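Architecture and fold: a report
The primary structure of each chain is shown beneath.
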Amino acid sequence: MSTNHQPLLYSQRSTVNSSSQVAIVGANVSPIESLDYEIFENEFFKQDWRSRGKVQIFQYILGKWLLCLIIGLIVSLIGFCNNLAVENLAGIKFVVTSNMMLERRFLLAFFVFFASNLSLTLFSSIITALIAPTATGSGIPEVKAYLNGVDAPGIFTLRTLFVKIIGSITAVSSSLLIGKAGPMVHTGACVASLLGQGGSKRYGLTWKWLRFFKNDRDRRDLIICGSAAGMAAAFRSPVGGVLFSLEEMASWWRSALMWRAFFTAATVAIMLRAMIDVCLSGKCGLFGKGGLIMFDAYSASISYHIGDVPPVFVLAIIGGILGSLYNFLLNKVLRIYNFINTKGTIYKIVLACLISIITSFLLFGLPWFTSCRPCPADATEPCPSIGRSGNYKKFQCPPDHYNDLASLIFNTNDDAIRNLLSKNTNDEFEFSSMLIFFMTCFFLSILSYGVVVPAGLFVPVIVTGASYGRFVGMLVGKRSNLNHGLYAVLGAASFLGGSMRSTVSLCVIILELTNNLLLLPLIMMVLLVSKTVADAFNANIYDLIMKAKGFPYLETHAEPYMRQLTVGDVVMGPLQIFNGFEKVRNIVFVLKTTGHNGFPVTDVPPVSEAPVLFGIILRNHLLVLLKKKAFQCTPTEISNDALKKFSAEDFAKKGPSKREKIEDIQLTDEEMDMFIDLHPFTNASPYTVVETMSLGKALTLFREVGLRHLLVVPKISGRSPVVGILTRHDFMSEHILGLYPLLVRSKWKRLRFQLPCV
């Protein structure tokens, strides 16, 4: 049926062949399954929709919009509290450290800085490793794989949501060079998934009106809206959040979903604006301009000419190369970290603490190697800065002097970005300081991402790219009309394009952050050039992580060698088929001895004149029939009285903790010899393809419709009514090239001879 493809990050290899693939979910290796995005139309589903009146249909439509509103409200509240906590936790740490530096108590200041960073990292790593390892990392690769049809267990549980929020707050506050955008996207997806499950029977929280959403398709749509809300809350960028979900996250999209995602993101933007207004009155502690901000450093008119384009073009090219190098190094580091993580939980925690120690030593020690600069006479803010934020950190400098590198390091990432993007600051930073800061951000962000804490990549990439852009601006100097802050914006765009490879969504996010449409032409050019250059070297960072983790992600395009093969060339056995009237003993035996989740149902004489394919039935539905004991003594049609024992809700999608197992069902010998009429419970209209269809064409059908099973039927009648079943694992290149290794050689030969002719 399918092969067992191990993740690249997994060092051990199993010899067991199963229909369930394994992948690294969070920090653990887990079995994964596919999702049923195509609605399973058995008789109960059809009857349920036929029985719905106008009130139920209105309730279904209204429920979708109401859920989007609730998702927006909850995610905006979480995003605000997240930033409030980070700004205050990190703010207290920086204030205490700065006060000790002012008193010339340098050793004690380092101890406070070191101990607070280590404590916060230790707390975050412990709760992540012990409570919810699925909260590790940004969560975007897992959510992206889910929206492609891969069911990674545990990524949307209440436990994961809790650890994602608390762990992200403490990890970001610990000065690790990580971001909160990725965790916020995952948080929004968790909120949407939990709401779509209809509550919890365990805690007595159930809502009958949510029963309409107990299927993978509606949950997928809600999770897309939740992802858009998470990105909107992270950057206060509602339009950018919607476009990010469209361009980067979702594998299927339609206009109705666009409206709901936009409504959800708009709700987030309105709520954040209202809550930020409350903080402007000084009621949020140290939470001021940091966090949920817009880097509106360029609200004034910007003047640039055609002569400014060549250096920006070169900046984009180098940014694309650096972005692809960043992805390459991060991929290698993740492999090393996985080798360490497989040794046990204590190794994961020790690794996180080790990175925290290295980070603290570098961040506190590097400013000592830079010289102090006199405060500018026309400074728009106090110099040196006293307290948490500011462009002029005193550090170890004498009165009326500041340390430019400390001004970037001894701030939160949001404040560092604001300092880099500030206008009229061409003389604020030294050349050497900017080079040191760029190299530090580049390597620390790579080392920090793979540890067992919730960590995002967006903000570290923006910080690294902004420092790279300002460094280029310093090299160009007065030969350009663009100031260094504008070069920082373009550098951040080039690095994002080189690493993330998105274009439209990143362009809008940057524009919403900088609050100036005059930057649009330059940002568009930088993103297009950097993405094109980086695509020549490797894939975007999230695709690389998904591949390394082992998620069977289906791309939008078919590989050229798939056109040379037919579906009959890759379909695997053994094929398990049920008759329309099947003995209970046979069903139990098949369910216990296979891991398959879909089984063809056929009718044979005397039920039909010749063997014919009736449809397909799912494992979960068979478990429901066995649990409710819908048995008959003879192979006859099930009576109407027996059908009344079931409802459409019995076959609805269960939550991750409610899934039935065949081992939990106890049957007597007498019951094992009885029969089940599978016809009313079977999807009688499954998608089928003939065995001679090209594999590339079948992949297009499989992905566009969102299938889990694709039945293969024979070209010539008279044979078995079904040849096999295609699942997403059968479309994976590892499986295909493992069956036909000569295709690897022909693939490169074809590229070598045909590429110049394209």
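Residues numbered from 1 in each chain as written. Predicted model: local features only at pLDDT ≥ 70, side-chain atom pairs only at ≥ 80, totals over all residues. Heavy atoms only, no water.

What counts is decided by this rule: UniProt positions are given in the numbering used here, feature names are shortened, and annotations may be inferred rather than shown by experiment.
The name that an unreviewed UniProt entry assigns to the protein chain is Chloride channel protein, with the source organism given as Lupinus albus. Note on the protein chain: under the UniProt heading Sequence similarities (unreviewed entry), the record states "Belongs to the chloride channel (TC 2.A.49) family."

Section: the packing of helix α2 (residues 54–102) against helix α7 (residues 216–235)
Using the following cut-off: With axes taken as lines fitted to C-alpha atoms, and helix axes fitted only over the stretch in contact, angles between N-to-C directions fall between 0 and 180 degrees. Labels follow the DSSP assignment, with helices taken as runs of H or I lasting at least four residues and strands as runs of E lasting at least two, numbered in each case from the N terminus. Relative orientations are named as follows: roughly parallel for angles under 35 degrees, roughly antiparallel for angles over 145 degrees, roughly perpendicular for angles from 65 to 115 degrees, and oblique for any other angle. Take the far helix as the reference: if the near one is turned anticlockwise from it by less than a right angle, the crossing is left-handed, and if turned clockwise, right-handed. What makes two residues a contact is simply this: any of their non-hydrogen atoms within 4.5 Å.
At a minimum axis distance of 9 Å, the contact between α2 and α7 shows a crossing angle of 30°. As far as their axial angle goes, α7 and α2 are roughly parallel. Here α2 runs over α7; the crossing is right-handed. Contacts between α2 and α7 involve Tyr60, Lys64, Leu67, Cys68, Ile71, Val75 and Gly79 from the first element and Asp218, Leu222, Cys225, Gly226, Ala229, Gly230 and Ala233 from the second.

Focus: the pairing of strand β1 (residues 21–25)
Worth spelling out the cut-off: Each residue's exposure class comes from its accessible area (1.4 Å probe, protein chains only) as a fraction of the maximum for that residue type: buried when under 20%, exposed when over 50%, partly exposed otherwise. What makes two strands pair is DSSP finding at least two bridges between them.
Along β1, five of the five residues are buried, which leaves the element largely enclosed by surrounding structure. Residues Gln21, Ala23 and Val25 line one face of β1 and the alternating positions Val22 and Ile24 line the opposite face, and both faces are buried. Across five bridges, the pairing between β1 and strand β2 (residues 28–34) is antiparallel. Within β2, the residue paired with Ile24 across the bridge is Val29. Here β1 folds back onto β2 in antiparallel fashion, the turn holding two residues, of which Gly26 has a positive phi close to 70°.

Structural notes on the pattern of salt bridges
Rules: By definition here, a salt bridge exists when the distance from a side-chain nitrogen of Lys or Arg to a carboxyl oxygen of Asp or Glu is within 4 Å.
Scanning all chains against the criterion turns up 17 salt bridges. A salt bridge links Glu38 to Arg217; its shortest N-O distance comes to 3.4 Å. Taken together, the residues span a long stretch of sequence, with Glu38 in the loop between β2 and α1 (43–50) and Arg217 in helix α7 at a distance of 179 residues. Relative accessible area serves as the criterion here: at 29%, Arg217 is assigned to the partly exposed category. Arg585 serves as the salt-bridge partner of Asp673, at 3.0 Å between the closest nitrogen and oxygen.

Some details on the nonpolar core
We apply this condition: Definition used in this section: a nonpolar core is a set of buried Ala, Val, Leu, Ile, Met, Phe, Trp, Tyr and Cys residues joined via side-chain atoms within 4.5 Å. As used throughout, domain bounds are those supplied by an automatic or database domain assignment.
In terms of nonpolar packing, the biggest core is built from 149 residues, with Phe235, Phe458, Met500, Ile523 and Phe551 touching the most fellow members. Of the residues forming this core, the biggest block, 12 residues, is contributed by α2. Two domains each provide a minimum of three residues to this core, namely domain 1 (73–281) and domain 2 (306–369 + 416–549). Filtering out sequence-adjacent residues up to four positions away, Phe551 remains in contact with Gln21, Ala23, Ile24, Val25, Ile32, Glu142, Ala145, Val150, Ala152 and Met546.

Quick word on the environment of Ser647
Note on placement: Ser647 falls in the loop between α23 (640–643) and α24 (669–672). What makes Ser647 partly exposed here is its relative accessible area of 32%. Sequence spacing of Ser647 and Gln47 is 600 residues, and the spatial spacing of their C-alpha atoms is 9.2 Å.

Examining the sheet that holds β1
Read from one edge to the other, the open sheet built from three strands follows the order β1-β2-β3, with strand pairing classed as antiparallel. The sheet is open, and its two borders are formed by β1 and β3 (150–151), each paired with just one other strand.

Thoughts on the state of the cysteines
To be explicit about the condition: Cysteine sulfur pairs qualify as disulfides if the two atoms are within 2.5 Å.
This model, assessed by the stated rule, comprises one disulfide. Disulfide pairing places Cys372 opposite Cys397 at an S-S distance of 2.1 Å. Between Cys372 and Cys397, the disulfide has an S-S torsion of -90° and is therefore left-handed. One end of the pair, Cys372, is in the loop between α11 (345–365) and β6 (373–374); the other, Cys397, is in the loop between β6 and β7 (401–402), and 25 residues separate them in sequence. For Cys372, a relative accessible area of 27% puts it in the partly exposed group. On the basis of relative accessible area, Cys397 is assigned to the buried category, the value being 0%. Of the cysteine sulfurs around Cys68, a residue in no disulfide, the closest is that of Cys225, at 3.9 Å.

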